[in-house]
Number of protein chains: 4
Amino acid sequence: WVSNEKVFYRSGVAQIQFADQKQEFNKRPSKIGRRSLSRSISQSSTDSYSSAASYTDSSDDETSPRDKQQKNSKGNGDFCIKNIKQADFGRREIEIAEQEMPALMALRKRAQGEKPLAGAKVVGCTHITAQTAVLMETLSALGAQCRWAACNIYSTQNEVAAALAEGGFSVFAWKGESEDDFWWCIDRCVNVEGWQPNMILDDGGDLTHWIYKKYPNMFKKIKGIVEESVTGVHRLYQLSKAGKLCVPAMNVNDSVTKQKFDNLYCCRESILDGLKRTTDVMFGGKQVVVCGYGEVGKGCCAALKAMGSIVYVTEIDPICALQACMDGFRLVKLNEVIRQVDIVITCTGNKNVVVRENLDRMKNGCIVCNMGHSNTEIDVASLRTPELTWERVRSQVDHVIWPDGKRIVLLAEGRLLNLSCSTVPTFVLSITATTQALALIELYNAPEGRYKQDVYLLPKKMDEYVASLHLPTFDAHLTELTDEQAKYLGLNKNGPFKPNYYR
Amino acid sequence: WVSNEKVFYRSGVAQIQFADQKQEFNKRPSKIGRRSLSRSISQSSTDSYSSAASYTDSSDDETSPRDKQQKNSKGNGDFCIKNIKQADFGRREIEIAEQEMPALMALRKRAQGEKPLAGAKVVGCTHITAQTAVLMETLSALGAQCRWAACNIYSTQNEVAAALAEGGFSVFAWKGESEDDFWWCIDRCVNVEGWQPNMILDDGGDLTHWIYKKYPNMFKKIKGIVEESVTGVHRLYQLSKAGKLCVPAMNVNDSVTKQKFDNLYCCRESILDGLKRTTDVMFGGKQVVVCGYGEVGKGCCAALKAMGSIVYVTEIDPICALQACMDGFRLVKLNEVIRQVDIVITCTGNKNVVVRENLDRMKNGCIVCNMGHSNTEIDVASLRTPELTWERVRSQVDHVIWPDGKRIVLLAEGRLLNLSCSTVPTFVLSITATTQALALIELYNAPEGRYKQDVYLLPKKMDEYVASLHLPTFDAHLTELTDEQAKYLGLNKNGPFKPNYYR
Amino acid sequence: WVSNEKVFYRSGVAQIQFADQKQEFNKRPSKIGRRSLSRSISQSSTDSYSSAASYTDSSDDETSPRDKQQKNSKGNGDFCIKNIKQADFGRREIEIAEQEMPALMALRKRAQGEKPLAGAKVVGCTHITAQTAVLMETLSALGAQCRWAACNIYSTQNEVAAALAEGGFSVFAWKGESEDDFWWCIDRCVNVEGWQPNMILDDGGDLTHWIYKKYPNMFKKIKGIVEESVTGVHRLYQLSKAGKLCVPAMNVNDSVTKQKFDNLYCCRESILDGLKRTTDVMFGGKQVVVCGYGEVGKGCCAALKAMGSIVYVTEIDPICALQACMDGFRLVKLNEVIRQVDIVITCTGNKNVVVRENLDRMKNGCIVCNMGHSNTEIDVASLRTPELTWERVRSQVDHVIWPDGKRIVLLAEGRLLNLSCSTVPTFVLSITATTQALALIELYNAPEGRYKQDVYLLPKKMDEYVASLHLPTFDAHLTELTDEQAKYLGLNKNGPFKPNYYR
Amino acid sequence: WVSNEKVFYRSGVAQIQFADQKQEFNKRPSKIGRRSLSRSISQSSTDSYSSAASYTDSSDDETSPRDKQQKNSKGNGDFCIKNIKQADFGRREIEIAEQEMPALMALRKRAQGEKPLAGAKVVGCTHITAQTAVLMETLSALGAQCRWAACNIYSTQNEVAAALAEGGFSVFAWKGESEDDFWWCIDRCVNVEGWQPNMILDDGGDLTHWIYKKYPNMFKKIKGIVEESVTGVHRLYQLSKAGKLCVPAMNVNDSVTKQKFDNLYCCRESILDGLKRTTDVMFGGKQVVVCGYGEVGKGCCAALKAMGSIVYVTEIDPICALQACMDGFRLVKLNEVIRQVDIVITCTGNKNVVVRENLDRMKNGCIVCNMGHSNTEIDVASLRTPELTWERVRSQVDHVIWPDGKRIVLLAEGRLLNLSCSTVPTFVLSITATTQALALIELYNAPEGRYKQDVYLLPKKMDEYVASLHLPTFDAHLTELTDEQAKYLGLNKNGPFKPNYYR
């Protein structure tokens, strides 16, 4: 749900990448313990295993939730979760999250007067966590009815799902779903008598895919899709290109707030956190090479430089390369420094950025990790050869040992370090959740014709609104334009303040 | 030629602003010593007086260059400058500049094989400095013929003009032109028998304006306009909106390299330099308020924070405001901190950001300066009241003294601090000059139909090329995509690497 | 073993402080589960409970190690530990630590030729961890015989103790000793037939105290004491002042490397780590007040500022205060900002720096923690009143809840955050361990008369040597003075390079 | 008066260095235009030529001040200066300086009640600048009578001397004194009927030397010497070692405030200022090597890193070297990076740190400058060989041109960059001047026996007092210890707060 990578929407990209992802995926079915894999499940529905694992334990009984009779305290049974008894604990988690999501709470307050989502029937498919619960309860306060499934078979916080079910939400999700469960849950959200969704909130595109495949007629009543993930957005652009997109879709992933805040600021903190929690490495004086100087790379470099590391950067794009130079980083090719660095971090959105040849040349004890896209950046597969020994030294930390005794410290098996090994501050998730809520409101209320059957970015003005809702957290005081100044600048006093192309 | 301000192209903006600028302009004719002002001269043609002043002295004789017979050593007399005898000194200045403009020198080298500007007849109107000379001689090496006038009546480096004339360029410019001289010089560039320009390189729009007014037929042969300044770009968008733009125009001002490098990095250095040279103030521990957190404001804030100042920020745009918060600056309204700060810096592109009421509340010794747009940000006019005493303590430094003895230190009378009181590194000018050269090449060689009668941004790929030409300065080594990676990303191995909307 | 506090050796200080500590100590006997407390046990022998807890679990059987017959694989039984079977696991931990302690490994290499500790009989009382094991095995390689006890009843890593015992060391220590066990173990180290120590390595002064009390005659053969902790050093200065110190003692705590590196650099990293692991707080934009701007405070402030926090500082000392100003921090009294800050950090070495009145005024959600001295800085006792509710939300994290619902997030109950909630990099411990080894060598080999019965700081030259042994880690290359330069500076080419008073 | 270098007081140092300095000095008599040099004039009396030059022009008439009849407006003629008519202009300069010297102004205010220097007869020999004038007038307000000469033949601000003379001070100094004038002026200060000094304030030791040589009996009445410069302090330590120091002396140079503030913070700002004013170099992306990581080097490195330079460090001292590593700088030998760096800065206090061999290997355009000691660090003499061409391109900037066309940019001919090419903020001078005033007060009022015939550092408490007097400038609020806290720490509530060895 946090995607660090740079985004590329170009002809042919999505398809190629997608095929590629599935290949990766199919290579290691045993790791995630499922026998038969449906073709259409998205990679993102499985890949944040480790992070989720750290939140809740599935120490409960072994009966499948699907086989249980479930009812909440009011007798409502339109949900399917692990254990309704955990509702109180889940409620507590939701309350803690509320404190860090001031923008959604502000939206609820405003909703006391008007209900911008009155009549909206939202079907959602996202990670089911305390933060999502705050979003769902906000949508409800804004007037919407919600039915929800999980976008990932491992990431559901069971106690939060319980609290939602207890609160009357039709939630179908538990931690450790099978492939079959996964689609069953999604189906239960949409295939229900007397209720038909008119809005989709998706994360990864599986829900959208399911409706396309099984209930294409539903789209007649659907006013729009809000999609958050890179993968899901890819799918939508593919549909659009193929002329098959039949409702407007909002690309939340590329909104300014998401790109600039999630990536730069979130990674600035999580790179340190992820490295410390896994390796306890001292940053001062360490030599680090960061591959890629997009927003994620910029965040990583800034943090490590600030903590006294000596940072080298690799780049393919001359503009980002020149920025790296001006920011005080030596721009090198990976091979120039690979023998001397203590830490290697990938942030490119590319594949095979660190390959076996590089790994062979690293010095003993070198730490290798990925902050970029999926698990493609480091060619981890190349390390699974007989002459190398793998030693799991901690959760998420493997020592890969060469015949001469050299050890490489590989983190999270090359998956996203910050998803796997650090926490994502609720405050950052708040920005994304608020954007999702506003995108739903915008699509639901947009006058006929404002949006066509295409993929849209959030209007600048709403982007600005999301930002403004987060300022009170910092006790920050915005200046207002005078009438004279607004006239001088040719701006409306309430914004938008920047052209659409501004980033 | 360096414009720090944020840019706004919105309906009605340009016209309003322009009217406004002229008003400002007309208010103080005595200051710049001209009686009758033509309507059409742009503000930018006069406003960098002080910076220019620091480069060369006009200690020469008083005869107008227009009244002199002029010939270079080869007998060529198709130019009009101050004093051809200064050519050697000017040549030396040009040589020094060449060392810092590696990209243009690289273009020259490539031009040994092909001449992408063969047949081009470029008429130019820019500041005439050593850096411009390097550009002109590069254009020439690329195959172009050039005729040139100054875009500012004060900014010509006479010795550089002499070197250009000696080298065979038809230059019409000297430091301290009159209004009449100004237009005469421009006219001499375009109104010449047997030579008709097919490309325009403009800075401020005066040359373009002149041709529109006097020789509209010339546009039949003109392939395009390259314009660098905010003001000139405004004028072009106005023409375009009015349907009067009759050739393609390239907006160089908004290219990524210009915006990201000129503004952020240049201001990061020049804010310190400008403050030190004028006031010798110690930065450590000083409280500073920076109005505006666009690229310019970001640069100023970063530099001052790094030097130990405590920096407050004001903003109108919630997105920039949130960035300021995340970057560690208290976001305030000006009045919250105006009594306590030691330095006030405006970087908004707006007008009346600091008004008399604010100035009245500042503490004794407070330094006030502008890094933003023109001279509108600080309401300097409000300080010209009888009860306040002005005391010029250094060049560009005034003490404005209140009846109770309180002194405000006003820099450059509210004009751009970095243009007036610091130098602009040649390296930064090199980026802009290279962009101009590439824009000329692109427009000149573009196949029929690629560009219409509209205003264009430089294609991303050329932006990237400009950046790549500057990397060798830093001994920076770019990584190349493998075929496999390029395919994975759906990119051409040679770029462009980013979508057009990427900034 | 990491002590962050500033040090004060002044008349009367130690005694007062000591009395005070005992009082604190006696107040909460129930917390640490011991009934009868000996007078003389030092506070430091119990106060790092939490940190130790995170290393190893005492899930083993309940029989006291004292009641077991113990033998290693070679039949040697001169030790008393938890479980010899854990030796292999412990060996692995030691090997990992070795990689980060290059200086000790270098000392071992040099010891292949000469044995500077040949004949030394070292009795030690320190935390028994992997890092200590590397030190002990180094001392052994240098020629020393060692007997060792733990300086803290909770901090022993049982598996490391097992590895040491298996390796032939006479170790008497386990995690979770009783008070009685504690002294029994120490006694077993010194009270042994046919072996009498001639060097003491102490951490906290308990070992030294025990010998003073029980076996004062032993000092006849003892060549010196090396003491690391603030508390232990206090005790030594007291003895010295009272004329009762009968051997030379080396104060390792105040060596330059310890003060400058442990405190500044270690805290720069651990403040971030400690806060993240306990609260997942986002640093960007947070307002923080740091009480105290000594080395610890400097480290905390630098790190937080670098991560985008807005940092305020309180100080009592004008010199440190002026440094804070010049470094860009607003110097305030606590009450000026207490209502607005998100995080409060104490680093003063003082007591009652944050009192109930301050806590009452903090805003909801404010995080309060201590990086300074012991647990005196925050008046935690004042929060144990009936109207406040404590809620343990995570290990080391308490919510203290006011009647109106306001929550304060108190970390580690006011004990040292970095000891309790983050890890200390082995590299930093390496500096201290190397200093201890060199201090032992120096005292053991010093010619008669170089050291009297007093407390000494490590000679500058040895301080420099410790530093030099750590440079290879950074691939750092020291410049050597030429003969001419050495003569010019009046220095020996091999140092010392700075006067003794240089810090 | 600002000395950046590290200090070494070791056996033999001073004598060797002194001999050496004189040698250097004698090598270039023509440069400073004097024929016969007295043996005893200190190097510092001549070496800040360039900085002084930038302050005032000696465009006046050629008559020696010694040959003029001089009287101020009150008829007093006990002074000898350039031109009494400049008094008004000088007064204005002094007033401006007063605004930045809050501590001295605060001392004056307190002096309204008590006159701690009542009866003091201070003879001074320092640079005569506006800042010194503020000091002298403060001493006068505190009760002292003053007679003053210049410690440097070029550094006197004539207009300030005039204002002082007009104000009744017996000043003997002008810009451009001859060697003979220099000693004549000093003599006029001390050799006066009916007035005998009882306090000496010296900068460089020439005044002290003169009295020793000519009027040794005067020391019977002299209560003490306050000396500021490295050179002067060297001389005093020599005297002390030789048993010839016959009054107590206060070493102001090594006070904490001087070392920590002057060097670190002043150089952090002046390195940027000095480089910009001379070369307009852009810092971003530049590779820089800084030789020496003492306080001066730390300041330079911090500033350049903050501005986006890539900084390498060379060091001889392992402790400083390790600090450089932990602060994020690559520690190298000069030769490892000499070919690639854009800027070389020396800050070692050593000689021949950059020699011809290094200069031969630098790349074209490399900037070389010195922030350290005197003019010994760069072997400038080695560049004065026939095959190299020197070209003066600006004041203080020489291009040294190799036969192959390579140019090295040498600043200030290797003298101190910040003295020569940037300004020193009054605020920093204020710290030093306040220290001098307090040292005079302390020595003058010390009870019999507190100080012997030795060289002393300022007591910590007075160091703290100096700092505290500068806090109001930053609106900084110091926290006071409670009685309980003071008792706990064993400190007096009013300080001193740190042990004497604290730095």
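Residues numbered from 1 in each chain as written. Chains lettered and ligands numbered in written order. Predicted model: local features only at pLDDT ≥ 70, side-chain atom pairs only at ≥ 80, totals over all residues.

As a reminder of what qualifies: UniProt positions are given in the numbering used here, feature names are shortened, and annotations may be inferred rather than shown by experiment.
Looking at an unreviewed UniProt entry, chain A carries the name Adenosylhomocysteinase, with the source organism given as Salarias fasciatus. Among the UniProt annotations of chain A, the heading Catalytic activity (unreviewed entry) holds the following wording: "S-adenosyl-L-homocysteine + H2O = L-homocysteine + adenosine".

A few points about the UniProt feature "binding site: NAD(+)" (unreviewed entry) in chain A
Using the following cut-off: In this text, helices come from DSSP runs of H or I with a minimum length of four residues, and strands from runs of E with a minimum of two, each type numbered from the N-terminal end. Two residues qualify as being in contact provided that their C-beta atoms, derived from the backbone, are within 7 Å of each other.
The residues that UniProt annotates with the feature "binding site: NAD(+)" (unreviewed entry) are Gly 294, Glu 295, Val 296, Gly 297, Lys 298, Gly 299, Glu 315 and Asn 418 of chain A. Structurally, Gly 294 of chain A can be placed in the loop between strand E7 (287–291) and helix H11 (295–306). Checked against the element boundaries, Glu 315 of chain A lands in the loop between strand E8 (310–314) and helix H12 (318–326). If we skip the residues at most four places from it in the chain, Glu 315 of chain A touches Gly 292, Tyr 293, Cys 320, Ala 321, Ala 324 and Leu 331 of chain A together with Leu 478 and Thr 479 of chain B.

Points about the interface of chain B and chain A
How large an interface is tends to be reported as the accessible area lost when its parts come together. Between chain B and chain A, the residue contacts involve 58 residues of the former and 58 residues of the latter. For the side of chain B that touches chain A, the secondary-structure elements that each account for two or more residues are helix H1 (13–27), helix H10 (256–279), helix H12 (318–326), helix H13 (334–337), helix H17 (460–470) and helix H18 (483–489) of chain B. Take the side of chain B that touches chain A: its biggest share by element is 7 residues, from H12 of chain B.

Concerning the relation of the copies chain D and chain B
Under the convention used in this document: Fitting of the copies onto one another was done by least squares over C-alpha atoms, counting residues only where both copies have pLDDT of at least 70.
Laying chain D over chain B is done by rotating through 180° and shifting 0.2 Å along the axis; what remains is an RMSD of 0.1 Å. Here the symmetry operator amounts to a two-fold rotation axis. The C-alpha atom lying nearest the rotation axis in chain D is that of Ala 306 of chain D; the distance is 2.9 Å. Both copies share a contact surface, since 100% of the interface residues of chain D are interface residues in chain B too.

Some details on the interface of chain D and chain B
In plain terms, the rule: Residue type decides the class: Asp, Glu, Lys and Arg count as charged, Ala, Val, Leu, Ile, Met, Phe, Trp, Tyr, Cys and Pro as nonpolar, and the leftover types, Gly among them, as polar.
The partner chain B presents 24 residues to the 24 residues of chain D that form the contact. Of all elements in the fold, only helix H10 (256–279), helix H11 (295–306) and helix H16 (426–445) of chain D reach the threshold of two or more residues within the side of chain D that touches chain B. Ranked by residue count, the leading element in the side of chain D that touches chain B is H10 of chain D, at 7 residues. Looking at the side of chain D that touches chain B residue by residue, the classes come out as 11 nonpolar, 6 polar and 7 charged.

A word on helix H6 (residues 158–166) of chain C
We count it as follows: Whether a residue is buried, exposed or partly exposed follows from its count of other C-beta atoms within 10 Å of its own C-beta, namely 20 or more, 12 or fewer, or something in between, respectively; the C-beta atoms are built from the backbone.
Among the 9 residues that make up H6 of chain C, 9 are buried, leaving the element largely enclosed by the rest of the structure. Those residues of H6 of chain C that are buried are in contact with helix H3 (87–99), helix H5 (130–141) and strand E3 (170–172) of chain C.

Regarding the sheet that holds strand E5 (residues 224–227) of chain C
Residue and element names in this part refer to chain C. Stated formally: The pairing criterion for strands is at least two bridges between them, as found by DSSP. In this analysis an axis means a line fitted to C-alpha atoms, helices contributing only their contacting stretch, and an angle means the value between N-to-C directions, from 0 to 180 degrees.
Strand order in the open sheet made by the 7 strands is E3-E2-E1-E4-E5-E6-E15, with parallel pairing throughout. On the outer flanks of this sheet lie E3 and strand E15 (455–457), each paired with one strand and no other. Ignoring strand direction, the axes of neighbouring strands in this sheet form an average angle of 20°. In this sheet, strand E6 (residues 249–251) lies alongside E5 in parallel orientation, the contact comprising 3 bridges. If you follow Val 226 over to E6, its bridge partner there is Met 250.

Concerning the relation of the copies chain B and chain A
Superposing chain B onto chain A takes a rotation of 180° combined with a translation of 0.0 Å along the rotation axis, leaving an RMSD of 0.1 Å. The share of interface residues of chain B whose copies in chain A are also at the interface is 100%, consistent with both copies meeting through the same surface.

Some details on unusual backbone geometry
Residue Pro 496 of chain A is bonded to the preceding Gly 495 of chain A through a cis peptide linkage, with omega at 0°. With respect to the helices and strands, Pro 496 of chain A occurs in the segment after helix H18 (483–489). Here Glu 413 of chain B, not a glycine, exhibits a phi torsion of approximately 50°, which is positive. When you line up the elements, Glu 413 of chain B lands in the loop between strand E14 (407–411) and helix H15 (417–421).

Let's talk about the nonpolar core
Convention followed: Put simply, a nonpolar core is buried Ala, Val, Leu, Ile, Met, Phe, Trp, Tyr and Cys residues tied into one set by C-beta atoms within 7 Å.
Ranked by internal contacts, the top residues of the largest apolar core, which has 615 residues, are Leu 440 of chain A, Leu 440 of chain B, Leu 440 of chain C together with Leu 440 of chain D. For Leu 440 of chain C, the contacting residues outside a window of four places in its chain are Leu 117, Val 122, Leu 139, Met 199, Leu 201 and Val 226 of chain C.

Notes on the confidence of the model for chain A
When pLDDT drops low, the exact placement of atoms in the prediction is not to be read closely. Residues and elements named next belong to chain A. Our working rule: pLDDT gives the predictor's per-residue confidence on a scale running from 0 to 100.
When pLDDT is averaged across chain A, the result is 85; 87% of the residues are at 70 or more. Across residues 1–41, confidence stays below pLDDT 50; counting only partners more than four residues off in sequence or on other chains, it has 67 contacts. Predicted confidence for residues 46–59 stays below pLDDT 50, and this span has 28 contacts to residues more than four positions away or in other chains. The ipTM assigned to the predicted complex is 0.83, against a pTM of 0.86.

A few points about the domain arrangement of chain A
Let me state the cut-off plainly: Throughout, the edges of the domains are those of an automatic or database domain assignment.
Domain boundaries in chain A define domain 1 (66–254 + 425–458) and domain 2 (263–421). On a C-alpha basis, the centroid separation for the pair domain 1 of chain A and domain 2 of chain A is 35 Å.

Some points on the packing of H10 of chain B against helix H11 (residues 295–306) of chain B
Residues and elements named next belong to chain B. The line we're drawing: Crossings are classed by handedness, with left-handed meaning an anticlockwise turn of the near helix from the far one by less than a right angle and right-handed meaning a clockwise turn.
Relative to each other, H10 and H11 sit at 35°, their axes nearing to 7 Å. By crossing handedness, the relation of H10 to H11 is classed as right-handed. Across the interface between the two elements, Gln 259, Lys 260, Asn 263, Leu 264, Tyr 265, Cys 267, Arg 268, Glu 269, Ile 271 and Leu 272 of H10 pack against Glu 295, Val 296, Lys 298, Gly 299, Cys 300, Ala 302, Ala 303 and Leu 304 of H11. Looking at the contact of H10 with H11, its residues break down into 10 nonpolar, 3 polar and 5 charged.

Thoughts on the sheet that holds strand E12 (residues 389–394) of chain D
Residues and elements named next belong to chain D. The 8 strands are arranged E9-E8-E7-E10-E11-E14-E13-E12 in an open sheet whose pairing can be described as mixed. The open sheet has two free edges, formed respectively by strand E9 (330–331) and E12, since each of these has just one partner strand. As paired elements, strand E13 (residues 397–401) and strand E14 (residues 407–411) share 5 bridges and run antiparallel to each other. Within E14, the residue paired with Ile 401 across the bridge is Arg 407.

Some words on the pairing of E13 of chain D
Residue and element names in this part refer to chain D. Across 5 bridges, E12 lies against E13 in antiparallel orientation. Bridge assignment links Trp 390 to a residue of E13, and that residue is Val 400. Between E12 and the antiparallel strand that follows it, E13, lie 2 residues; Gln 396 among them carries a positive phi value of about 75°. As consecutive antiparallel partners, E13 and E14 are separated by 5 residues, and within that stretch Gly 405 has a phi angle of approximately 95°, a positive value.

Notes on the packing of helix H3 (residues 87–99) of chain B against helix H6 (residues 158–166) of chain B
Residue and element names in this part refer to chain B. Our working definition: Should an angle fall under 35 degrees it is taken as roughly parallel, and over 145 as roughly antiparallel, whereas 65 to 115 is taken as roughly perpendicular and any remaining angle as oblique.
Where H3 meets H6, the axes come as close as 7 Å, and the angle between the chain directions of the two elements is 100°. For the element pair H3 / H6, the angle class is roughly perpendicular. Residues Ala 87, Phe 89, Gly 90, Arg 91, Glu 93 and Ile 94 of H3 pack against Glu 159, Val 160, Ala 162, Ala 163 and Glu 166 of H6. Split into classes, the residues belonging to the contact of H3 with H6 amount to 6 nonpolar, 1 polar and 4 charged.

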